[in-house]
Amino acid sequence: MTDWADHLLIAPIVVPMLAGAAMIVAGDRWRRLTVALGLVSTVALLLLAITLLGFAETPIVRVYRLGNWPSLFGIVLVLDRLSAVMLALAAVLGFAAFLFSLGRWHRAGVYFHPLFQFQLMGLNGAFLTGDLFNLFVFFEVLLAASYGMALHGSGVARVRAGLHYIVVNLLASLLFLIGVSVVYGIAGTLNMADLAVRMRDVATEDRGLLEAGLAVLGIAFLVKAAMWPLGFWLPVTYAAASTPAAAILSILSKVGIYAVLRVWLLLFGASAGASAGFGGTWLLVGGLLTIAFGSIAVLATQNLPRLAGASVLISSGTLLAAIGTGRAAVTTGALFYLVSSVLAIGAFFLLIELVERGREVGADVLAVTREAFGTGEEEEEDEEQEVVGVAIPGTVAILGLAFLACALLLAGLPPLSGFLAKFAILAPLLAAGGAVVPTSTWALMAALILSGLATVVAMTRAGINAFWGSPEGRVPRVGLVEIAPVALLLVLCAALTVEAGPVIGYMQAAAQALHEPGDYLQGVLSAPPAGPEGR
Amino acid sequence: MELIVSLGIGALAGSGVWLLLRPRTFQVIVGLSLLSYAVNLFIFSTGGLRSGAAAILTPGEAGSLARYTDPLPQALVLTAIVIGFATTALLLVVMLATRGLTGTDHVDGREHER
């Protein structure tokens, strides 16, 4: 591996950071420059993510040591398959949300673009970091940016929901810190790989305390992932957030899932000695309860944004329950489901606003935004014309098709990738059960299928209301720049379906590496620092 | 020393949790601040507590690692303080915005009638 290729590992953090900083300097006076910077940054992130996906396709884990300190003393960034997949997801979703925001949302308030870049930076950092404390730092970076994004556009509903969101997440951060310090106090390290090694030799009398610390840490992750009793903030916040912010928020809840995958499987995997499988039942039961709660919420909601928020809950619950079963084959399916559901929910959040634009419900949200930031609107009028463009004939048909695709993906019906993902979770559960299939498997199966049914019912009802039930068909004005990201995300889902074989193969290798983290440990702990001549 | 620190952490955390569960935004933010102090002290204490010690070495003393407290938690606590400070400031702004937009300081943005 060449020198420049090594440094690519830190680029997903540095690129958005520099872009965001430059945008603050450029300010709102040179809006075109800011937009150009954002475009360069998001495209660069996409290319980087694709490159890193290729890099990760080996058993050798890539480690980037900041300041070239040995792994145990310094800060490390680690790239394995899971990180690469998450980076790619963040990049794709970031690109789509960025394009969408150019339609009108980025003018609904100040500093949209810098916040967006910092959020991407936080996401990428959280996916790459190799130690717990930097995970905390990057969580805070992305949360701080997401507070701003959730409030973007202002208005009473957003500020009210934003307040709850911020308080809940600050509290979760404090729990995170408590967990981290207990872990450090007992094990004397925060490097995840080193911690996994030391876990095996922790004295019996200290083990309980260490597990308690990790459980507190887990609660912080599960608040982000919105597991049942911890996730009441999610639908309200996501429904109130501006559209591009909501789309990017849909991967935010998956950061919690990522952290659970990474930390739980590394520390409590089969090789963890006395602590192996600690908390697995909690994940499984919590996941099942989250699915149940999400399904009820899906059926109970009257408006589309809430429906999307409830779908996030279902997808989180499915992932947690699948991870909680603690089998590599099921984790493979869960990873596939993760990719498919993040893309689908991202597309759905973007689509909702386009659909609602033709109706009164969405119009008033926009009106509030306009009211709050009305002054800047007049001078931008000429620019607005060229961006939004004319109403495309058949807009409603295109939106309807996209809505149908989202419904199929979220409900997990054939022929799209949502079905394959659920199948990939369920098939190994049944196959490996032996003669007697355990009750938990039946419960998970029932939950997955019933949540799919609930989603179908809710989406059908919402679709009929939105497309057939409108009094007179006022065609929503939709710019090409706004429908293109939705199409991009859905086409990617279709591509996932067509290319399911190779993708599942990649996920299988990723899941295998997560369950048997030998390569990860070896890669992080034994990598020699590059000599002075290598710099 | 250990007893005083742990009692202090407990008192701060207890008051923080109590205030956090109150319905007014001001109480919530004070509660969060108290909780974050408790957490910061807690992190600080995981490095070990040592009272009446010299900063580095007393004259004539041969250094030994066993006689030092772990400096890493102190670095962690600095980071945590900075981050907590920034997010609390942000929260304060959002609270002021809520107060301005809804006209009440209830955390739900509206008064509940009893």
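Peer 1: Account for the overall build of chain B, naming residues and giving values.
Peer 2: Across its full length, chain B holds three helices and zero strands. The order of helices and strands in chain B, counted from the N terminus, is α-α-α. For 114 residues, the compact-globule estimate of 2.2 N^0.38 gives 13 Å, and the C-alpha radius of gyration of chain B, at 20 Å, exceeds that figure by more than 25%. A principal-axis box enclosing the C-alpha atoms of chain B has dimensions of 70 × 25 × 15 Å. Within chain B, buried positions represent 26% of all 114 residues. Taking all contacts inside chain B whose residues are at least 6 apart in sequence as the whole, residues at least 24 apart take part in 60%.

Peer 1: An account of the overall build of chain A is needed here, citing residue identities and associated values.
Peer 2: For chain A, the count of helices and strands is 23 helices and two strands. Counting every position in chain A, which comprises 535 residues, the buried fraction comes to 58%.

Peer 1: Summarise the nonpolar core; cite the residues concerned and give the values.
Peer 2: All names here are of chain A. One finds Val-183, Leu-351 and Cys-406 to be the most contacted residues of the largest nonpolar core, which totals 218 residues. A total of 20 residues in this core trace back to one element, the largest contributor, which is helix H7 (residues 156-187). Once you skip the residues sitting within four places of it in the chain, Leu-351 turns out to touch Leu-399, Ala-402, Phe-403, Cys-406 and Val-486.

Peer 1: I'd like to hear about helix H9 (residues 204-225) of chain A, residue by residue, with values.
Peer 2: Compared with an ideal rise of 1.5 Å per residue, which puts 22 residues at 32 Å, H9(A) spans 31 Å between its outermost C-alpha atoms and is within 8% of the ideal. For H9(A), the full list of buried residues reads A:Leu210, A:Glu211, A:Gly213, A:Leu214, A:Leu217, A:Gly218, A:Ala220, A:Phe221, A:Leu222, A:Val223, A:Lys224 and A:Ala225.

Peer 1: Describe the interface of chain A and chain B, and please don't skip the residues or the numbers.
Peer 2: At the junction of the two partners, chain A supplies 20 residues and chain B supplies 25 residues. In terms of residues, the side of chain A that touches chain B owes the most to one element, H7(A), which gives 14 residues. Class assignment of the residues belonging to the side of chain A that touches chain B gives a composition of 15 nonpolar, three polar and two charged.

Peer 1: Can you explain the pairing of strand S2 (residues 76-79) of chain A? Please cite residues and give values.
Peer 2: Residue and element names in this part refer to chain A. Of the two faces of S2, the one carrying Val-76 and Val-78 and the one carrying Leu-77 and Leu-79 are both buried. As paired strands, strand S1 (residues 62-65) and S2 are joined by four bridges and run antiparallel to one another. Bridging across to S2, Arg-62 finds its partner in Leu-79.

Peer 1: Requested: an account of helix H4 (residues 81-101) of chain A, with residues and values cited.
Peer 2: The end-to-end C-alpha separation of H4(A) is 30 Å, in line with the 30 Å expected for 21 residues at 1.5 Å each. Counting buried residues in H4(A) gives 21 out of 21 residues, a clear majority hidden from the surface.

Peer 1: An account of the packing of helix H19 (residues 417-431) of chain A against helix H20 (residues 439-468) of chain A is requested, with residue identities and associated values reported.
Peer 2: Residues and elements named next belong to chain A. Closest axis-to-axis distance for the H19/H20 pair is 10 Å, and the angle between their directions is 160°. One way to sum up the angle between H19 and H20 is to call them roughly antiparallel. The interaxial crossing formed by H19 with H20 has left-handed handedness. Together, Lys-422, Ile-425, Leu-426, Leu-429 and Leu-430 of H19 and Thr-441, Leu-444, Met-445, Leu-448 and Gly-452 of H20 make up the contact between the two elements. Class assignment for the residues of the contact of H19 with H20 results in seven nonpolar, two polar and one charged.

Peer 1: Before we move on, could you go through the confidence of the model for chain B and cite the residues and values that matter?
Peer 2: Residues and elements named next belong to chain B. Across chain B, the average pLDDT comes to 86, with 98% of residues at or above 70. Helix H1 (residues 2-20) holds the highest mean pLDDT among the elements of chain B, 93, whereas helix H3 (residues 72-102) holds the lowest, 88. Taken together, the chains of this predicted complex give a pTM of 0.87 and an interface ipTM of 0.91.

Peer 1: An account of the environment of A:Leu53 is needed here, citing residue identities and associated values.
Peer 2: All names here are of chain A. Of note, Leu-53 is situated in helix H3 (residues 31-55). For Leu-53, a count of 18 C-beta atoms within 10 Å puts it in the partly exposed group. Separated by 26 residues in sequence, Leu-53 and Leu-79 place their C-alpha atoms 9.3 Å apart. Not counting residues up to four positions away in its chain, the partners in contact with Leu-53 are Ala-84 and Ala-88.

Peer 1: How would you explain the confidence of the model for chain A if you had to name every residue and give the values?
Peer 2: When pLDDT drops low, the exact placement of atoms in the prediction is not to be read closely. For chain A, per-residue confidence averages 83 on the pLDDT scale, and 89% of positions sit at 70 or higher. Confidence over residues 375-392 of chain A falls short of pLDDT 50; this stretch has 15 contacts with residues more than four positions distant or in other chains.

Peer 1: Got a sec to walk through the environment of A:Thr42? Specific residues and values, please.
Peer 2: Residues and elements named next belong to chain A. Topologically, Thr-42 is positioned in helix H3. Sequence-wise, Thr-42 and Ala-239 are 197 residues apart; in three dimensions their C-alpha atoms are separated by 25 Å. Setting aside its immediate chain neighbours within four residues, Thr-42 contacts Gly-94, Phe-95 and Phe-98.

Peer 1: Before we move on, could you go through unusual backbone geometry and cite the residues and values that matter?
Peer 2: Residue and element names in this part refer to chain A. At the junction of Pro-414 and Pro-415, the peptide bond is cis and its omega measures out at 10° in the coordinates. Relative to the helices and strands, Pro-415 is located in the loop between helix H18 (395-411) and H19. The phi dihedral of Asn-68 falls on the positive side, at around 60°, and the residue is not glycine. Mapping Asn-68 onto the fold places it in the loop between S1 and S2. One non-glycine residue, Ala-226, adopts positive backbone phi at about 65°. One can find Ala-226 in the loop between H9 and helix H10 (233-240).

Peer 1: Describe the packing of H18(A) against H20(A), with residues and values.
Peer 2: Residues and elements named next belong to chain A. Direction vectors running N to C along H18 and H20 enclose 170°, while the axes themselves pass 9 Å from each other. It follows from the interaxial angle that H18 and H20 lie roughly antiparallel. Within the contact between the two elements, H18 uses Val-396, Gly-400, Phe-403, Ala-407, Leu-410 and Ala-411 and H20 uses Gly-452, Thr-455, Val-456, Met-459, Gly-463 and Phe-467. Considering only residue class, the contact of H18 with H20 consists of eight nonpolar, four polar and no charged.

Peer 1: Go over the environment of A:Gly279, please, and point to the residues and values.
Peer 2: Within the element layout of this structure, A:Gly279 appears in the loop between helix H11 (243-267) and helix H12 (280-300). With sequence-adjacent residues up to four places away left out, A:Gly279 is seen in contact with A:Ala215, A:Gly218 and A:Phe268.

Rules used in this analysis
Residues numbered from 1 in each chain as written. Chains lettered and ligands numbered in written order. Predicted model: local features only at pLDDT ≥ 70, side-chain atom pairs only at ≥ 80, totals over all residues. Helix = DSSP H or I, 4+ residues; strand = E, 2+ residues; numbered from the N terminus. Rg over C-alpha atoms; globule rule 2.2 N^0.38 Å. Buried ≥ 20, exposed ≤ 12 C-beta atoms within 10 Å, placed from the backbone. Contact = placed C-beta atoms within 7 Å. Core = buried A, V, L, I, M, F, W, Y, C linked by C-beta atoms within 7 Å. Expected span 1.5 Å × (residues − 1). Nonpolar A, V, L, I, M, F, W, Y, C, P; charged D, E, K, R; others polar. Pairing = 2+ DSSP bridges. Axes fitted to C-alpha atoms, helices over the stretch in contact; angles between N-to-C directions. Parallel < 35°, antiparallel > 145°, perpendicular 65-115°, else oblique. Left-handed = near helix turned anticlockwise from the far one by under 90°. pLDDT = per-residue confidence, 0-100.

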